[in-house]
Amino acid sequence: MNIPIPDALTSENSLEYIVSIRLSPDGLSFSGYRPSVDGSFFYRPVKFDNASTYITGLKNCFFSNECLSWSYAKVRIVCLAGYTLVPEPFYDETHGREWLELCYLKPGDRVLTAPVDAIQARLVYGLDEAVWSFCSRSFVKAEFSHYLEALLAMWLRESQSDESRRMYVVVEGKRMDVACVDKGKLLFLNTFSAPELNNQIYFILYVWKRMGWSVERDTLALYADSSVRSRLLEHLKEYLRQVHVMAVPAEVYTRGTDLFKAPVDIIAFSL
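Small disclaimer: the values here were computed from a predicted structure and weren't measured.

1. Focus: the overall build of the protein
And then number 1: Along its length, the protein carries seven helices and 13 strands.
And then number 2: At 19 Å, the protein has a C-alpha radius of gyration in line with the 18 Å of a compact globule built from 271 residues.
And then number 3: Its C-alpha atoms give the protein principal-axis dimensions of roughly 55 × 45 × 35 Å.
And then number 4: The buried share of the protein, taken over its 271 residues, is 50%.
And then number 5: If you take every contact in the protein between residues at least 6 apart in sequence, the share linking residues at least 24 apart comes to 59%.

Following this line, the structure appears as structure tokens:
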């Protein structure tokens, strides 16, 4: 479970790095970069032992890798968690648990929120209390974020100058995120369990039809692993005219080639 960090990262210069620890269902990834150094981005995924609980795997990983205990300019803990989106005027911290109990919250979850300033709303999500407690104690300057937080901000910003309405689709493993935006407004957001290609195509076209969008003018932007992406594009182009791979903002290209091994939310957080 050792993390092979780049030679350039040391305990002496770690304070120059911004790092992200992405908590996935079967492990985590450790990534980071020096904002002042082109090509410095690194991405290192780690899988935990399936025989152990998640918190045990997290602790074992932390204590096996000295780099996780170093001090950094910023440490972002990125959570892959169920969520609900609540308009800011309706959100009250004392009722955060009630919002999640309607959706995804487990009895032992810590309620966390992420602001989506562009639409005056909050992503409300839950994180296992033991995991939250360990991360809060163990990672210096830890900030918790939901994986959709930076993506929503990026999509809403991009759509402000777009003439067509746009559907963003991100496929990662069995999970598929779908967001529909129009000129800086979020029209639809949902996450589907879609382990098979047929499931993915069905949900995408179902949402498209329910939104009443044009198959000629409106756009679908897709982000997925290359094998999934090529098959999805092939099938979706039979139904929709404007289908393409989600563009990566030009400013991230100087971060380094490792960036393109990372999930798209980590790319968005690096902007």
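2. Topic: the sheet that holds strand β7 (residues 121–128)
And then number 1: Taken together, three strands build an open sheet; the order of strands is β5-β7-β6 and the sheet is antiparallel. Every interior strand has two partners, whereas the edge strands, β5 (83–87) and β6 (109–116), have only one. Strand-to-strand, the axes of this sheet are offset by a mean angle of 30°, without reference to chain direction.
And then number 2: Taken together, the five bridges between β5 and β7 define a ladder with antiparallel strand orientation. Bridge pairing links Leu85 to Leu123 in β7.

3. Some thoughts on the packing of aromatic side chains
And then number 1: Applying the stated criterion across every chain, the model contains 16 aromatic pairs.
And then number 2: Stacked on the ring of Trp132, the Lys or Arg Arg110 has its end atom at 3.6 Å from the ring centre.

4. With respect to the layout of surface pockets
And then number 1: Roughly 1,000 Å³ of volume is contained in the largest pocket.
And then number 2: Looking at side-chain class alone, the lining of the largest pocket contains 23 nonpolar, six polar and twelve charged residues.

5. Topic: the packing of helix α5 (residues 197–211) against helix α6 (residues 226–236)
And then number 1: Direction vectors running N to C along α5 and α6 enclose 50°, while the axes themselves pass 11 Å from each other. Put simply, α5 runs oblique to α6. Both α5 and α6 take part in a crossing whose hand is right-handed. Contact residues: Leu197, Gln200, Ile201, Ile204 and Leu205 in α5; Val228, Arg231, Leu232, His235 and Leu236 in α6.
And then number 2: Here the residues of the contact of α5 with α6 are counted per class, giving seven nonpolar, two polar and one charged.

6. A short note on the side chain of Arg76
And then number 1: Within the element layout of this structure, Arg76 appears in strand β4 (residues 74–79).
And then number 2: The buried charged residue Arg76 lacks any salt bridge, with Glu143 as its nearest oppositely charged partner at 4.7 Å.
And then number 3: One polar contact links Arg76 to Ser145, side chain to side chain, over a distance of 2.9 Å.
And then number 4: Residues contacting Arg76, with those up to four places away along its chain left out, are Val19, Ser20, Ile21, Glu143, Ser145 and Phe269.

7. Some remarks on the pairing of strand β10 (residues 175–182)
And then number 1: The element β10 is largely enclosed, with a buried count of seven among its eight residues.
And then number 2: Relative to β10, strand β9 (residues 166–172) is paired through seven bridges, and the arrangement is antiparallel. Residue pairing across strands places Tyr168 opposite Ala179, the latter belonging to β10.
And then number 3: Hairpin connection of β9 to β10: two residues between the antiparallel strands, including Gly173 at a positive phi of 65°.
And then number 4: In this sheet, strand β11 (residues 185–193) lies alongside β10 in antiparallel orientation, the contact comprising eight bridges. Bridged to Asp182 within β11 is Lys185.

8. Considerations on helix α4 (residues 147–159)
At 3.6 residues per turn, the α-helix brings residues three or four places apart onto the same side.
And then number 1: Counting buried positions along α4 gives ten out of 13 residues, so the element sits mostly inside the fold.
And then number 2: Taken together, the buried positions of α4 are occupied by Tyr147, Leu148, Glu149, Ala150, Leu151, Leu152, Met154, Trp155, Leu156 and Ser159.

9. What about a negative patch on the surface?
And then number 1: Where like charges cluster on the molecular surface, the negative patch consists of Asp92, Glu93, Glu98 and Glu101.
And then number 2: Checked against the element boundaries, Glu101 lands in helix α2 (residues 96–101).

10. Some points on helix α3 (residues 129–138)
And then number 1: When α3 is considered as a whole, its buried residues turn out to be Val131, Phe134, Cys135 and Ser138. For α3, the angular spread of buried residues about the axis comes to 95°, placing them on one side.
And then number 2: Packed against the buried residues of α3 are β1 (18–24), α1 (54–64), β4, β7 and β8 (142–146).
And then number 3: Capping the start of α3, Asp128 holds a side-chain oxygen 3.0 Å from the backbone nitrogen of Ala130, two or three residues further along.

Each value, and the rule that gives it
Residues numbered from 1 in each chain as written. Predicted model: local features only at pLDDT ≥ 70, side-chain atom pairs only at ≥ 80, totals over all residues. Heavy atoms only, no water. Helix = DSSP H or I, 4+ residues; strand = E, 2+ residues; numbered from the N terminus. Rg over C-alpha atoms; globule rule 2.2 N^0.38 Å. Buried < 20%, exposed > 50% of the residue type's maximum accessible area, 1.4 Å probe, protein only. Contact = heavy atoms within 4.5 Å. Pairing = 2+ DSSP bridges. Axes fitted to C-alpha atoms, helices over the stretch in contact; angles between N-to-C directions. Phe/Tyr/Trp six-rings, centres within 6.5 Å; stacked < 30°, edge-to-face > 60°. Lys NZ or Arg CZ within 6 Å of the ring centre and 35° of its normal. 1 Å grid on protein atoms, 1.4 Å probe; cavity = no way out; pocket = protein on both sides within 12 Å on 5 of 7 lines; lining within 4 Å. Points joined across faces, edges and corners; volume = space filled by probe spheres on them. Nonpolar A, V, L, I, M, F, W, Y, C, P; charged D, E, K, R; others polar. Parallel < 35°, antiparallel > 145°, perpendicular 65-115°, else oblique. Left-handed = near helix turned anticlockwise from the far one by under 90°. Lys, Arg positive; Asp, Glu negative; His and termini not counted. Salt bridge = Lys/Arg side-chain N within 4 Å of Asp/Glu carboxyl O. Polar contact = N/O pair within 3.5 Å; in protein donor to acceptor, adjacent residues only side chain to side chain. Patch = residues over 30% accessible without salt bridge, like charges linked within 9 Å, V, L, I, M, F, W, Y side chains within 5 Å. Areas by Shrake-Rupley, 256 points an atom, 1.4 Å probe, with all protein chains shown as cover. Charge placed at Lys NZ, Arg CZ, Asp CG, Glu CD. Arc of directions from axis to C-beta.

Don't take any of this as a statement about function, it's just geometry.
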